[in-house]
2 protein chains.
Amino acid sequence: MIQNREEVPGIPEPLHCETVESVKGQMPGNDFCSSLADFFKILGDMTRVRILLALSFSEMCVLDIAFLLGMTQSAISHQLRVLRHARLVKARKAGKSIFYSLDDEHVENIVEEGFEHLRHGGTRGAAG
Amino acid sequence: MIQNREEVPGIPEPLHCETVESVKGQMPGNDFCSSLADFFKILGDMTRVRILLALSFSEMCVLDIAFLLGMTQSAISHQLRVLRHARLVKARKAGKSIFYSLDDEHVENIVEEGFEHLRHGGTRGAAG
DNA sequence: TGAACATATGAACAATCATTCATATAACGT
DNA sequence: ACGTTATATGAATGATTGTTCATATGTTCA
C-alpha cells in the first residue's frame, strides 16, 4: 500500500496543475539541460575565465599564460585541457610551443553578456 | 641567494614577453574576473538551469517547481535562494505561496547564447 | 489560538573539482 | 644520441558545493 497524499515520498504535489503541465510541455529534455549546465560550469572558474579573456586578446602558449596569471604550467595545462575538450579553445602547434586561441565566437558573446549582467548590478562577487 | 632562471618558484618565465605585456595591459582586474566566474558558476548547475528555463516560461511557486523537477521542496528552496541572491530571479508573495520569476533579461540571452553554442557542436555532455 | 500548509534555513554528508607533485611525451639544438 | 625545453597527464589532496534531514518562520482557515 502506498500513501494517499504523496505519490512520491519527499516530492510534493503541485499547487497549480495547469501551470505545471504547460511548463512541462515546453521544458527541454534533461540531456539538453545537463549539457547547458556543463557548458556554463566550464565558465564558472576564475582561472578558466582569465584564460579565455587573455585568449580573446591574443593567442598564447602555455608558459605565457602561466606567467601572465602567475600560476603553474601544470595548472594551466589542466585547465586548457578542459577548455579544449569543451571546444572553447583550439591549439596550434609551432615548434616546441603550442599556441591556444578561442575556438568559438559565441564564447566572446557569452562573456560579453555576463559582463553586461554585472554592469546592471546583477551578481556582485567582490563588492557586496 | 635566489635562483638565476626562475623569479618565482613554480611560475615559469614568459616565452613571448611582448605578447604577455600587451595582454596584461588589456586584462580586466581580478575582481571582475572573479565576479564573472561566480556568475557563470551559478548557471553551472543542472537544477538551477532547469529552474531558470522553467521560469522563462511562467512564474511558479516553490512546490510547483519541486514537483516539475521531481525534487524536494528543500532542495529547490536552497537553489532559489542562490538564484535570488544573485538577482537572477525575483519573488512575488501571494498568500502562502511565493511566486518566482526571472529578474533579468540577460539571463535569457545568455541561455540563448549557450544554446547556440551547443547547436554548433560545442560542448557535448550527453550525446558524445 | 491551533492546525495545516508553504517556504526558508542550518548542519551534515557525499560528491565534485582545482591545484600540486611527480613524471611522461615530444620537439629542438648540439 | 643527449640534454634542454614545452606541454601533457595521473594520482593525491584540500576545498567547494548540492542534497538531505530536521526544524524554524510565516501565512491561512476554522
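Residues numbered from 1 in each chain as written. Chains lettered and ligands numbered in written order. Predicted model: local features only at pLDDT ≥ 70, side-chain atom pairs only at ≥ 80, totals over all residues. Heavy atoms only, no water.

Student: Would you mind going over the nonpolar core with me for this structure?
Tutor: The tendency in soluble globular proteins is for nonpolar side chains to be buried as a group. In terms of nonpolar packing, the biggest core is built from 69 residues, with A:F40, A:L88, B:L80 and B:L88 touching the most fellow members. Non-local contacts of A:F40, meaning those with residues more than four positions away in its chain, are made with A:I110, B:F40, B:L43, B:G44, B:I110, B:V111 and B:G114. (Core = buried A, V, L, I, M, F, W, Y, C linked by side-chain atoms within 4.5 Å. Buried < 20%, exposed > 50% of the residue type's maximum accessible area, 1.4 Å probe, protein only. Contact = heavy atoms within 4.5 Å.)

Student: How do you make sense of the packing of helix 4 (residues 62–69) of chain B against helix 5 (residues 73–85) of chain B when you look at a structure like this?
Tutor: The description of two helices packed together rests on the angle between their axes and the distance between the axes. Residue and element names in this part refer to chain B. At a minimum axis separation of 9 Å, helix 4 and helix 5 run at an interaxial angle of 115°. Relative to helix 5, the element helix 4 lies roughly perpendicular. As helix 4 runs across helix 5, the sense of the crossing is right-handed. Contact residues: helix 4 offers V62, L63, I65, A66 and L69, while helix 5 offers Q73, I76, S77 and L80. Broken down by class, the residue content of the contact of helix 4 with helix 5 amounts to seven nonpolar, two polar and no charged. (Axes fitted to C-alpha atoms, helices over the stretch in contact; angles between N-to-C directions. Helix = DSSP H or I, 4+ residues; strand = E, 2+ residues; numbered from the N terminus. Parallel < 35°, antiparallel > 145°, perpendicular 65-115°, else oblique. Left-handed = near helix turned anticlockwise from the far one by under 90°. Nonpolar A, V, L, I, M, F, W, Y, C, P; charged D, E, K, R; others polar.)

Student: Help me out: how do you make sense of the pairing of strand 2 (residues 89–94) of chain B in this one?
Tutor: The two faces of a sheet get side chains in turn, since along a regular strand they alternate between them. Residue and element names in this part refer to chain B. Relative to strand 3 (residues 97–102), strand 2 is paired through six bridges, and the arrangement is antiparallel. Counterpart to V89 in the pairing with strand 3 is L102. The hairpin formed by strand 2 and strand 3 contains two residues between the paired strands, and G95 there has a positive phi angle of roughly 65°. (Pairing = 2+ DSSP bridges.)

Student: Just checking my understanding: could you explain the relation of the copies chain B and chain A for this structure?
Tutor: Note on the chain copies: they are related by a rotation about an axis and a translation along it. For the pair chain B and chain A, the relating rotation is 180°, the translation along its axis is 0.0 Å, and the fit reaches an RMSD of 0.1 Å. Taken together, these values place the two copies in the relation of a two-fold axis. A shared interface surface links the copies, since 100% of the contact residues of chain B are contact residues in chain A too. (Least-squares fit on C-alpha atoms with pLDDT ≥ 70 in both.)

Student: Explanation requested: the protein's contact with DNA strand C in the structure shown.
Tutor: In the vicinity of DNA strand C there are 28 residues, among which A:L15, A:T47, A:R48, A:Q79 and B:Y100 approach most closely. Counted by atom, the contact set of DNA strand C within 4 Å of the protein is 67% sugar and phosphate. At a separation of 3.3 Å, a phosphate oxygen of DNA strand C approaches a polar side-chain atom of A:T72. One nitrogen or oxygen atom from the side chain of B:S77 is found 3.0 Å from a phosphate oxygen belonging to DNA strand C. (Near = heavy atom within 4 Å. Polar contact = N/O pair within 3.5 Å; in protein donor to acceptor, adjacent residues only side chain to side chain.)

Student: Explain the pattern of salt bridges here, please?
Tutor: Two side chains carrying opposite charge are able to pair once their charged atoms lie near each other. Residues and elements named next belong to chain A. Considering all chains together, one arrives at four salt bridges over all chains under this definition. Close ionic contact of E59 with R92 constitutes a salt bridge, the shortest N to O distance being 2.6 Å. Residue E59 is located in the loop between helix 3 (46–57) and strand 1 (60–61), and its partner R92 is located in strand 2 (residues 89–94); the two are separated by 33 residues in the primary sequence. (Salt bridge = Lys/Arg side-chain N within 4 Å of Asp/Glu carboxyl O.)

Student: Which parts of the structure should I look at to understand the sheet that holds strand 3 of chain B?
Tutor: Sheets are built from strands that pair by backbone hydrogen bonding, the pairs being arranged parallel or antiparallel. On the basis of which strands lie adjacent, the open sheet formed by three strands has the order 1-3-2 (chain B) and antiparallel pairing. The open sheet is flanked by strand 1 (60–61) and strand 2 of chain B, the only strands paired with a single partner.

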